[in-house]
Number of protein chains: 2
Amino acid sequence: VATGLLARLPAALAPATPAFVVADENTLPLLPPALAHLPRHVLPPGEASKSWAELERLLLALDAAGLDRDSHLVAFGGGVVTDLAGLAASLHRRGIPWSAVPTSLVGQVDAACGGKTAIDFAGGKNTIGSFHPPRAVLVDPAALASLPGEHLRAGLAEVLKTALIAGGELYARTLELDLPALVRADARATAVIAGCLSVKDGLVRRDLHDHGPRRALNLGHTFGHALEALSLRTPGAGLLHGEAVALGLLCAARVAGTRRGVGAGLEHRLRDRLSAWGLGTTRSGLDPDAVLAEMRRDKKRRGGRLTLILPLAPGRVEVLEGLDDDVVRIGLGALTPGC
Amino acid sequence: VATGLLARLPAALAPATPAFVVADENTLPLLPPALAHLPRHVLPPGEASKSWAELERLLLALDAAGLDRDSHLVAFGGGVVTDLAGLAASLHRRGIPWSAVPTSLVGQVDAACGGKTAIDFAGGKNTIGSFHPPRAVLVDPAALASLPGEHLRAGLAEVLKTALIAGGELYARTLELDLPALVRADARATAVIAGCLSVKDGLVRRDLHDHGPRRALNLGHTFGHALEALSLRTPGAGLLHGEAVALGLLCAARVAGTRRGVGAGLEHRLRDRLSAWGLGTTRSGLDPDAVLAEMRRDKKRRGGRLTLILPLAPGRVEVLEGLDDDVVRIGLGALTPGC
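Remember, it's a predicted structure, so these values are computed and weren't measured experimentally.

Rules behind the numbers
- Residues numbered from 1 in each chain as written.
- Chains lettered and ligands numbered in written order.
- Predicted model: local features only at pLDDT ≥ 70, side-chain atom pairs only at ≥ 80, totals over all residues.
- Heavy atoms only, no water.
- Helix = DSSP H or I, 4+ residues; strand = E, 2+ residues; numbered from the N terminus.
- Rg over C-alpha atoms; globule rule 2.2 N^0.38 Å.
- Buried < 20%, exposed > 50% of the residue type's maximum accessible area, 1.4 Å probe, protein only.
- Contact = heavy atoms within 4.5 Å.
- Buried area = accessible area lost by both parts, 1.4 Å probe.
- Salt bridge = Lys/Arg side-chain N within 4 Å of Asp/Glu carboxyl O.
- Polar contact = N/O pair within 3.5 Å; in protein donor to acceptor, adjacent residues only side chain to side chain.
- Nonpolar A, V, L, I, M, F, W, Y, C, P; charged D, E, K, R; others polar.
- Expected span 1.5 Å × (residues − 1).
- Pairing = 2+ DSSP bridges.
- Axes fitted to C-alpha atoms, helices over the stretch in contact; angles between N-to-C directions.
- Least-squares fit on C-alpha atoms with pLDDT ≥ 70 in both.
- Phe/Tyr/Trp six-rings, centres within 6.5 Å; stacked < 30°, edge-to-face > 60°.
- Core = buried A, V, L, I, M, F, W, Y, C linked by side-chain atoms within 4.5 Å.
- Disulfide = S-S within 2.5 Å.
- Parallel < 35°, antiparallel > 145°, perpendicular 65-115°, else oblique.
- Left-handed = near helix turned anticlockwise from the far one by under 90°.

Across its full length, chain A holds 13 helices and nine strands. Here chain A has a C-alpha radius of gyration of 20 Å; the compact-globule value for 339 residues is 20 Å, and the two agree. Once the C-alpha set of chain A is aligned to its principal axes, its extents read approximately 55 × 45 × 40 Å. Going through the 339 residues of chain A one by one, you find that 58% of them count as buried.

Next up on the list: the interface of chain A and chain B. Listed per partner, the contact involves 34 residues of chain A and 34 residues of chain B. Both sides of the chain A and chain B interface together cover about 3,000 Å² of buried area, and 56% of this is carbon and sulfur. Across the chain A-chain B interface, the total number found is zero salt bridges. Applying the counting criterion to the chain A and chain B interface returns eight residue pairs in polar contact (both at pLDDT 80 or more). Here the side of chain A that touches chain B is composed, by residue class, of twelve nonpolar, eleven polar and eleven charged.

All names here are of chain A. The terminal C-alpha atoms of helix α3 (residues 79–91), which comprises 13 residues, lie 18 Å apart, in line with the 18 Å expected from a rise of 1.5 Å per residue. Taken across its 13 residues, α3 has 13 buried, putting it largely inside the fold. Downstream of α3 by a residue or two, R93 has a phi angle that is positive, lying close to 50°.

This brings us to the sheet that holds strand β2 (residues 40–43) of chain B. Residues and elements named next belong to chain B. Strand order in this open sheet of five strands is β2-β1-β3-β4-β7, and the pairing throughout is parallel. Two strands bound the open sheet, and with one partner strand each, they are β2 and β7 (136–137). Both strand β3 (residues 72–77) and strand β4 (residues 98–102) contribute to a ladder of five bridges, which runs parallel. Bridge pairing links L73 to W98 in β4. Relative to β2, helix α2 (residues 52–64) is tilted by about 165°, and along the sheet it contacts β1 (18–24), β2 and β3. Across the face of the sheet, helix α3 (residues 79–91) comes into contact with β1, β2, β3 and β4 while running at roughly 165° to β3.

What follows concerns helix α2 (residues 52–64) of chain A. When the terminal C-alpha atoms of α2 of chain A are compared, their 18 Å separation across 13 residues agrees well with the 18 Å that a helix rising 1.5 Å per residue should span. Just downstream of α2 of chain A, G66 of chain A is the residue with a positive phi angle, here 70°.

The next subject is the relation of the copies chain A and chain B. Overlaying chain A on chain B yields an RMSD of 0.0 Å, the required transformation being a rotation through 180° with an accompanying axial translation of 0.0 Å. Expressed as a symmetry operation, the mapping of one chain copy onto the other fits a two-fold axis. When the interface residues of chain A are mapped onto chain B, 100% of them again fall at the interface, so both copies present the same face.

Below, the discussion takes up unusual backbone geometry. Peptide bonds are trans in most cases, and residues, glycine excluded, mostly fall at negative phi. All names here are of chain A. Cis geometry marks the peptide bond from A14 to P15, where omega comes out at 5°. Structurally, the position occupied by P15 is in the loop between α1 (9–13) and β1 (18–24). For A185, which is not glycine, the phi torsion reads 55° and is therefore positive. Relative to the helices and strands, A185 is located in the loop between α7 (179–184) and α8 (187–206).

It is worth spelling out the packing of aromatic side chains at this point. This model, assessed by the stated rule, comprises three aromatic pairs over all chains. Seen in terms of ring centroids, W52 of chain A and W52 of chain B are 4.2 Å apart; in terms of plane orientation they differ by 20°. Their pairing is stacked. Of this pair, W52 of chain A sits in helix α2 while W52 of chain B sits in helix α2, which puts the two residues in different chains. In terms of burial, W52 of chain A and W52 of chain B fall into one category: buried. Three or more aromatic residues joined by ring pairs form one cluster here, namely W52 and F121 of chain A together with W52 and F121 of chain B.

Let's shift gears to the pairing of strand β8 (residues 307–313) of chain A. When you tally the buried positions in β8 of chain A, you get six out of seven residues, the bulk of the element. Count of turn residues in the β8 of chain A/strand β9 (residues 316–321) of chain A antiparallel hairpin: two residues, of which G315 of chain A carries a positive phi of about 90°.

The biggest cluster of nonpolar side chains holds 67 residues, and the ones touching the most others in it are L105, L182, F223, V291 and M295 of chain A. If one sorts the elements of this core by residue count, helix α10 (residues 241–260) of chain A sits on top with eleven residues. In this view, V291 of chain A contacts F223, A226, L227, L230, V328 and L332 of chain A; residues no more than four positions away in its chain are not counted. Within the second largest apolar cluster, 65 residues are counted, among which are L152, V245, L274 and L323 of chain B.

Moving on, we get to the state of the cysteines. Applying the stated criterion to the full structure yields zero disulfides over all chains. Residue C113 of chain A stays outside any disulfide, its sulfur separated by 11 Å from that of C196 of chain A, the closest cysteine.

A few words on the sheet that holds strand β7 (residues 136–137) of chain A. Residues and elements named next belong to chain A. Read from one edge of the open sheet, five strands run β2-β1-β3-β4-β7, paired in parallel fashion. Of all the strands in the sheet, the pair left with one neighbour each is β2 (40–43) and β7. With respect to the sheet, α2 is in contact with β1, β2 and β3 (72–77), its orientation differing from that of β2 by roughly 165°. Each of β1, β2, β3 and β4 (98–102) touches α3; the most contacted strand, β3, lies at about 165° to it.

Here we take up the side chain of R254 of chain B. Among the secondary structure elements, R254 of chain B is positioned in helix α10 (residues 241–260). Within polar-contact distance, the side chain of R254 of chain B engages the side chain of E267 of chain B at 2.8 Å.

This brings us to the environment of T174 of chain B. Residue and element names in this part refer to chain B. Structurally, the position occupied by T174 is in helix α6 (residues 168–176). Spatially, the C-alpha atom of T174 lies 29 Å from that of A118, the residues being 56 residues apart in sequence. What T174 contacts, discounting residues up to four positions off in sequence, is V159, L160, A163, V192, R273 and W277. A polar side-chain atom of T174 sits 2.7 Å from the main-chain carbonyl oxygen of L170.

Turning our eyes to something else, we now look at the environment of P180 of chain A. Residues and elements named next belong to chain A. Structurally, P180 can be placed in helix α7. For P180, a relative accessible area of 47% puts it in the partly exposed group. Sequence separation between P180 and D326 is 146 residues, and the spatial gap between their C-alpha atoms is 40 Å.

Residue and element names in this part refer to chain A. Running from N to C, α2 and α3 cross one another at 55°; their axes reach a closest spacing of 10 Å. Accordingly, the angle class assigned to the pair α2 and α3 is oblique. Seen along the crossing, α2 lies across α3 with a hand that is right-handed. Contacts from E54, L55, L58, L59 and L62 in α2 reach L84, A85, L87, A88 and L91 in α3.

Our next topic: the environment of P39 of chain B. Residues and elements named next belong to chain B. One can find P39 in the loop between β1 and β2. Accessibility expressed as a relative area gives 39% for P39, which makes it partly exposed. A C-alpha to C-alpha distance of 18 Å links P39 and L6, two positions 33 residues apart in sequence. Not counting residues within four places of it along the chain, the set of residues in contact with P39 comprises A19, F20, V21 and A65.

Laid out in structure tokens, this is it:
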């Protein structure tokens, strides 16, 4: 993690010699000249590129470029680019090395690190994929200046999630972080991004396959995934992933308050911080039954049990097993204006 | 490895509970009644099923069946079925457990064990795939009775390759193995199959990703792959994989004789054994330049260096780095009638 890293990418990647670049149409202009001569594959921007058809096109491009098992692939872009390119890297010749250069905030603090690769398939999100950790994740916070504001704000929800799991200094710094500091990529912002990456990396190293401690990173995502999926069914009302995670964090905090006696201060602090960043903290017209049904559908797609990560305090989370109507209703209460 | 294992498959798989079966139209009639009630996907038989399109169809079937991360998939068939099903198992929900029940000889002694999964892609063989070892490989030698004779003979080339790598008792037993014993699945045949599996399993456990000792298993395959690929370009002249490996073993033995002073007795013993099984040991009209060009193309597709595994003696192989015209010409000399 270093400001200005993009300008010295080939040196930062050494001793690996990049042989191929995957980018999207939005990130291509940011590509350092030193990588511009490499063979590359450029995706249309957006979640629609995480598809079976795009995966095939990318694999054909890797084949045409003659990449062998020692060829190093560089994924340059947001979560869509790194998810798809990582999956292709895991499949070409049964796996070639790759590095991620995430250019979005979600990518920098979450998606590019951790070895999970994926495409969307059969109507489900991230339902096809692999575990294929990149050799390196190279983060230049200065790249965030080019990010649309709503994507920057959405990424902050993942930052807050990670900081809440970690507690301590990272949590304190995150509560003080403002958008201008992030856009300027000042030292405080860089420290928060590096801190989030370090937290995630630590959990992933202990539990790559997500059966144990890594599950903490699901904080905010049980409600979040359901709200995101439901929102996408109404044209024009779709939530960005991070926007849904912001709401999910509040739901999880509310359940922690009701079921574990956590003081209301935690939920209030999270709400204040999310609001200050410009993220929505309420959502009207939600049907608890529909949310629970969506959680169950998601569970079936993702495997494993239906669990909720509860924030007990900064630096301390707990896994609640077995979600029922009551818990969902309690959680959604956090999103009703005035409650 | 046990004769009659098919009849007690569910018990043999315990504690894993099978949730889905992949088979092909030829192996489906062998499916034990106890597995017949499970949701399943049936492939057209033959190498053409190791395709991108069949992989998508299988992944859609796994999705439609609602398999989650704990669901156990059973691949029931030859190398095509286990290669494709293993790859699908590695991708569905980023990987679900699977077991292989190989019904062909190549599958029983080689393809199903070792964790390599694959499809053919962009004109190359096994160019897309993953490392996803099955939880169990369950071998019933009695299943071989239903195998066409040419496939049984072709599989014996892989048996001989493995026995030559291992040396000792397995090599001695293999030189005494005849086709009727194999079709009867008598105790000697079962011991040879179990021995081959054990040799492969030992190498794979030491070197899953095929950078070190596992490379010994490539014995016979440098020439073999090239001869197989070239043969497939002439309609009606195509070699089965094992038939090509038989020829490749003789080429490797000839190079070992010329370059390492290995006595001619080794090549003679291999030739006698392959002939006794009814496998071809000569091939006319081969152009050494075309063979070398095909080896180089294959190297580019597969990655890694162009190497030849030389049999120095039963139980002892050596890696020869850097193949040139001379080596290819020497090796092909073993296939010229009367030389």
